[in-house]
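Next come the chains, spelled out residue by residue.
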Amino acid sequence: MLIARSLAELREGCARLRRQAGALALVPTMGALHAGHRALVRAGVESGAATAASIFVNPLQFGAHEDLSRYPRDEAGDLAALEAEGCALVWLPDVATMYPAGEATTITVSGPAERWEGDARPGHFRGVATVCAKLFGQVRPDRAYFGEKDWQQLQVVKRMVADLLLPLEIVGVETVREPDGLAMSSRNRFLTPAERAKAPVLNRTLRSVAERLREGAPAAMLAEATEALGRQGFEVNYLALVDGPSLAPIDRAIPAARLITAARLGTVRLLDNIGV
Ligand code: PAF
């Protein structure tokens with residue numbers, strides 16, 4: 001596995017892999033890798049492309065009061081996990097490379113970036129879109145893989161790639177879950193044992209609402225489920241039925257509908273979503 005810490009090393013590595021494999025895949029990450037990330041790398045490798053992963057904790061997507069300094073870091077563990085999955089190259093840029101002195105350009109996405117995480121974390125998707133555009137320009141992959149766990153992020157990146165006519169395909173990969181249904185996340189490690197035991201209730205609630213949606217009255221069902229989660233100690237930020245690609249709220253289950261939620265449990269903000 002090639003390790004690139006400078007743009008020169010990255011260019012040389014990507015050129016070599018492209019010569020060998022023909023196609024390049026990219027899995028952008030912020031490290032602290034779990035089974036969800038490993039599934040993204042596997043999807044890239046199984047597609048036949050030489051698969052690169054980037055590890056960069058992107059300061060631009062963290063708000064002033066968010067957990068940038070607390071974000072878990074484990075470079076040695078991440079490199080071992082990537083190598084085990086057949087990753088061909090790891091790109092480890094530093095902040096000065098990603099955000100050169102005097103930088104004056106960021107990417108703002110509207111549409112799917114509005115509402116939900118967009119409201120809860122102002123500036124977050126500007127940070128995500130900007131760093132992804134830079135990573136795509138540096139690695140020039142044919143495909144990039146993102147988890148469906150961050151459903152809104154996946155739609156924002158797809159919209160940006162379509163709007164900027166970037167020459168790559170964005171591939172969404174199904175959420176990887178713990179056996180009890182909790183969606184894998186680097187932040188799950190901050191749950192206390194009691195919170196960890198309670199956390200799967202969020203996914204169970206999504207599944208139970210999804211099953212009952214055909215009975216009608218989604219608004220009442222969502223309000224009732226939000227209250228029930230509150231009684232169990234979740235601070236629900238949103239629990240909504242949306243059109244999958246645009247994230248616009250909807251009042252009935254159409255084929256592209258998605259149930260999305262964000263809820264705080266202790267200090268951890270849990271995200272989950274399912275198709276309905
Ligand atoms: O999902 C993440 O880990 C990050 O938002 C991403 C896509 C790597 C951009 O920093």
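Above this note sits the structure.
Nothing here was measured: the structure is a model prediction, and the numbers come from that model. (Residues numbered from 1 in each chain as written. Predicted model: local features only at pLDDT ≥ 70, side-chain atom pairs only at ≥ 80, totals over all residues. Heavy atoms only, no water.)

Remarks on the sheet that holds strand β3 (residues 50-55)
Move 1: Spatial ordering of the open sheet is given by β1-β4-β3-β2-β5-β6, a layout of 6 strands whose pairing is parallel. At either end of the open sheet lies a strand with only one pairing partner, and these are β1 (2-4) and β6 (169-173). Sheet twist, expressed as the mean angle between neighbouring strand axes with direction ignored, is 25°.
Move 2: In this sheet, strand β4 (residues 89-91) lies alongside β1 in parallel orientation, the contact comprising 3 bridges. In the sheet register, Ala-4 faces β4, and the bridge partner there is Trp-91.
Move 3: Lying over the sheet, helix α6 (residues 124-139) contacts β2 (24-29), β3, β4, β5 (143-147) and β6, oriented at roughly 150° with respect to β2.
Move 4: Each of β5 and β6 is contacted by helix α7 (residues 151-163), which is oriented at about 170° to β6, the strand it contacts most. (Pairing = 2+ DSSP bridges. Helix = DSSP H or I, 4+ residues; strand = E, 2+ residues; numbered from the N terminus. Axes fitted to C-alpha atoms, helices over the stretch in contact; angles between N-to-C directions. Contact = heavy atoms within 4.5 Å.)

Here we look at the site of the ligand
Move 1: Lining the immediate environment of the ligand, one finds Pro-28, Thr-29, Met-30, Asn-58, Gln-61, Val-128, Val-131, Phe-146 and Gln-153.
Move 2: Interatomic distance of 2.6 Å between a side-chain N/O atom of Gln-61 and an oxygen atom of the ligand.
Move 3: Measuring from an oxygen atom of the ligand, one finds a side-chain N or O atom of Gln-153 at 2.7 Å.
Move 4: For the ligand, the accessible surface in isolation is 290 Å², of which the surrounding protein chains cover 89%.
Move 5: For the shell around the ligand, the secondary-structure elements that each account for two or more residues are β2 and α6. (Near = heavy atom within 4 Å. Polar contact = N/O pair within 3.5 Å; in protein donor to acceptor, adjacent residues only side chain to side chain. Areas by Shrake-Rupley, 256 points an atom, 1.4 Å probe, with all protein chains shown as cover.)

A few points about the pattern of salt bridges
A side chain of one charge can pair with a side chain of the opposite charge when the charged atoms of the two come close.
Move 1: This model, assessed by the stated rule, comprises 12 salt bridges.
Move 2: A salt bridge links Glu-85 to Arg-38; its shortest N-O distance comes to 3.7 Å. With Glu-85 in the loop between α3 (75-84) and β4 and Arg-38 in helix α2 (residues 35-46), this pair connects stretches of sequence that are 47 residues apart.
Move 3: Given the relative accessible area of 18%, Glu-85 is considered buried.
Move 4: With relative accessibility at 30%, the residue Arg-38 sits in the partly exposed group.
Move 5: Taking the shortest distance from any N to any O, the salt bridge between Arg-42 and Glu-85 comes out at 3.2 Å. You can see Arg-42 sitting in helix α2 and its partner Glu-85 sitting in the loop between α3 and β4, a full 43 residues away along the chain.
Move 6: Exposure remark for Arg-42: the relative accessible area of 35% places this residue in the partly exposed category.
Move 7: Where salt bridges share partners, they join Arg-38, Arg-42 and Glu-85 into one cluster. (Salt bridge = Lys/Arg side-chain N within 4 Å of Asp/Glu carboxyl O. Buried < 20%, exposed > 50% of the residue type's maximum accessible area, 1.4 Å probe, protein only.)

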